[in-house]
Structures are given as structure tokens and as C-alpha cells.
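An overview of the molecular structure
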Amino acid sequence: MVPGADASRLYKKFRNSEPPAELGRDRDYAVDLIPKFMMANGEMTRMLVHTDVTRYLEFKQIAGSYVFRDGRISKVPSTEMEAVRSPLMGLFEKRRAKKFFEWVQGYRHEDPATHQGVDLDKTTMAEVYYKFGLEAGTQDFIGHAMALHLDDGYVSRPARETFDRILLYTSSMARYGKSPYIYPLYGLGELPQGFARLSAIYGGTYMLDKPVEKIEYDAQGKFVGVTSGGETVKAAKVIGDPSYFVGPEGKGEDEEKVFLEGRVVRAICILRHPIPNTDDSDSVQLIIPQKQVGRKHDIYIAEVSSTHNVCAKDVYIAMVSTVVETADPEAELEPGLKLLGPIYDKFVEIAPIYSPASSGSRDNVFITRSYDATSHFETVCDDVKDVWLRAVGEPLVLKKRDDGAGIQEAQ
């Protein structure tokens, strides 16, 4: 995770200049280059609670969860009552959506009478949508803004996956109200700091800003150590970000290590106002489903503010991101940028998305996947579980804590 940058480092990285004085003090800023929100009841939160890292962190709720549909921004309905009040749907569609949410909330696995003929492991999500007569636009916000699917491939898969994701969204929403998302005070840079402190307690060594000069292998091509500053640290296995295994031209030094899956374009925008049409929310998760703007991938907008101690008062930081589909990546962000209102300043970056080309069992090198365009941690958690399974040989199981450990929310 990239620690938050103060204003000077942000401007130096993208402009090689100093920030305008009117933005305030450097120490007021901790701008994440890849901001991601956590679901209040999601996997990332469970991992932090399980590892006890939460003792070093404070969180603040994200004020609103929104979706773009039919040319306007609307709050994502997550219950049958919100569906009834939502401007996203007409009168008859509201009734159908209400019945859908009532079915989700009332479904009991042990009681077939609540299933309404749906077998979650056999019935596809497309068939569920058809059963409740839901329109394409309603399917969009359910599948992309609630279940957080990355594309429409989920509609042809069994409904259980989407059902569980909707329940996660609604239960996270119920935990604090307003939205299902939380974010650490002072930004995501607090996460590695928390793990560093915890690592020290258990005798671990945590080294920051330590350049990796070379990955060492034996004659059979198996990993033996990492060289830095002329010293080699030896170990049986290594887990690493794909950037450590990419050559100078963006190609894998060893084609068996990583492959280029695609590219992501991100725009960090400094605003002097909240995003319009979001009830003046100081923080927002806003998703533009792919079909709403004629794309193959969703556009994500994540906004935070001084409420989260990441920028000066009356300043708002909005990140707009998506997967690159054309030869003009910045233009692909335009549907999202237009929703922000006047932009004080903007920094655009295009980054590769690398994936591991093998399991890692042959050489004991276990590589994660690059951060994608999403503005939430759900895909990152899938990657954590995947690399754990490959490196340890068994699924990651988080045992329930009974010592009262949990998330500490800032007031």
C-alpha cells in the first residue's frame, strides 16, 4: 500500500513543482495514490480485526454510497423501504425491487418456503432478475453498486455469489447507516504502519523504503533470498508485488513470473467543494456502471475530505478510476470527471495491471496482483486469500474473535 503523500510530494511526483500556498500546510495532507474503501462487515475489516491491527487505527464512515443512472446521481437503495423511496425507479419498478429486497432479507437456507423456487447454487442471477421482472437499470445498480461485480459475467453464474454480496452490502450498511464503507483516519498509509507495530511485537522485522536490488535463485531456479544494499536476506519463500518482477521495459524478466493483464487510469482531483448532487456529503463512493456510459468496465469515484484527516479544511480529494479500453485513457474518465463540478487541480496516472503467471509452487515465489481500478478492498481481499492458498497450501481461515476486538470509529 502506498502511504499518503503530503501536498509537496504530490506536486513533486506529478509536476515537479511546489503546491499553491492556498492549499494550506503540507502536514494537513495524506493523499492516497490508490484510495480504497472498506466494507464495514467486509473481508478487509475481518482481517484487520482478526490480526488485531485495529488497536492502532481509527476509522471514519464514508458518508454516502451513490450510483450514476440515466444521467443523474442517486443514492444506492439497500432495503425494501429505500427502494420504495428511490428516484432511480418508476412506481411499478419500485414494487418489483421491493419484492426482490424482501426476498433477499427473508431468505432462510433451512426453510424452502422462503426460497420462492430459487436454488442459489443452480439458478443463475439472470433468472433471478427475470423472476422479479427487474429492469436493466435496476440490475445495473444491484450488480455493480451493491454486489460490486466488475463486469456483467456474473448474471450467467449461480445466484449465490451475488446474493452473498448483496447481504454483505446491506449488513455493512446497517452497521453504521448512511453508507456501508469506512476509511482510516489519516489515510491508508496507517495500515502498513499498524502492521509494522504489530510485527515488532511478534519479533518481526519491518523495513520501510528498502530498495530491492536482486531476487536470488539457486541452480534449480528456486528462490533463496533478496539482496539489498549488498546484503542478502535468505528465506524459504517470498511474497511480492509484481513490480519487483518486472523488467525495465515493463516486461517480465521471466515470462513465467508475471504477465500484463491490462492498464488502469486514475485521476486524483483536488476540489474546493463536495461532489454536486450528493447531499453535500464530505465523503462518497460513486459507481458509474459500464452500460450507463457505453463501456466494458465501470468507472469508480472515491471522495474523502478533512473529515478523514487527509487534506486541509474545505478541500476535497476525489479519485476517478477505470480500466483502460482505448488509446486515449484520460478521455475515458470524462463521464466521471464531469460529475465532480469545477476541478481545482488534477493529476492523471496510467498504471499497468500485472498478474502472476504461475502459482509459485515451482520456484517458491508467490506474486500478488496489481491494484485494480475499483475503489473498494473486496478484490484485494480475494487476492490475499489466493496468495495465502498458494503459499501455505491451505485456505485462509479467520477464526472468530471473542475478546471484544473490533473497529474503533472516530467520532
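Before going into details, it helps to say that this report is about the structure given with it.

Reading guide: rules and limits
Residues numbered from 1 in each chain as written. Predicted model: local features only at pLDDT ≥ 70, side-chain atom pairs only at ≥ 80, totals over all residues. Heavy atoms only, no water. Helix = DSSP H or I, 4+ residues; strand = E, 2+ residues; numbered from the N terminus. Rg over C-alpha atoms; globule rule 2.2 N^0.38 Å. Buried < 20%, exposed > 50% of the residue type's maximum accessible area, 1.4 Å probe, protein only. Contact = heavy atoms within 4.5 Å. Polar contact = N/O pair within 3.5 Å; in protein donor to acceptor, adjacent residues only side chain to side chain. Axes fitted to C-alpha atoms, helices over the stretch in contact; angles between N-to-C directions. Parallel < 35°, antiparallel > 145°, perpendicular 65-115°, else oblique. Nonpolar A, V, L, I, M, F, W, Y, C, P; charged D, E, K, R; others polar.

Focus: the overall build of the protein
Counting its secondary structure elements, the protein contains 11 helices and 15 strands. The C-alpha radius of gyration of the protein comes to 22 Å, within 12% of the 22 Å expected for a compact globule of 411 residues. Projected onto its principal axes, the C-alpha coordinates of the protein cover approximately 70 × 55 × 50 Å. By the burial criterion, 51% of the 411 residues in the protein qualify as buried.

Here's the deal with the environment of Asp6
With respect to the helices, strands and loops of the structure, Asp6 is situated in the segment before helix H1 (7–14). Separated by 142 residues in sequence, Asp6 and Leu148 place their C-alpha atoms 30 Å apart. Residues within four places of Asp6 in sequence aside, it is in contact with Asp26 and Tyr29. There is a polar contact of 3.2 Å between the side chain of Asp6 and the backbone nitrogen of Ser8. A polar side-chain atom of Asp6 sits 2.8 Å from the main-chain amide nitrogen of Arg9.

What to know about the packing of helix H2 (residues 43–51) against helix H11 (residues 378–392)
Running from amino to carboxyl end, H2 crosses H11 at an angle of 55°, the nearest separation of the two axes being 8 Å. Judged by the angle between their axes, H2 and H11 are oblique. Contacts between H2 and H11 pair Glu43, Met44 and Met47 from the former with Glu378, Cys381, Val384 and Lys385 from the latter. In terms of residue class, the contact of H2 with H11 is built from four nonpolar, no polar and three charged.

What about the packing of helix H4 (residues 91–106) against helix H6 (residues 136–146)?
The contact between H4 and H6 brings their axes to 11 Å, and the two run at 40°. Compared by their axis directions, H4 and H6 come out oblique. Seen from H4, the contacting residues are Glu93, Phe100 and Phe101; seen from H6, they are Thr138, Phe141, Ile142 and Met146. Of the residues in the contact of H4 with H6, the class split is five nonpolar, one polar and one charged.

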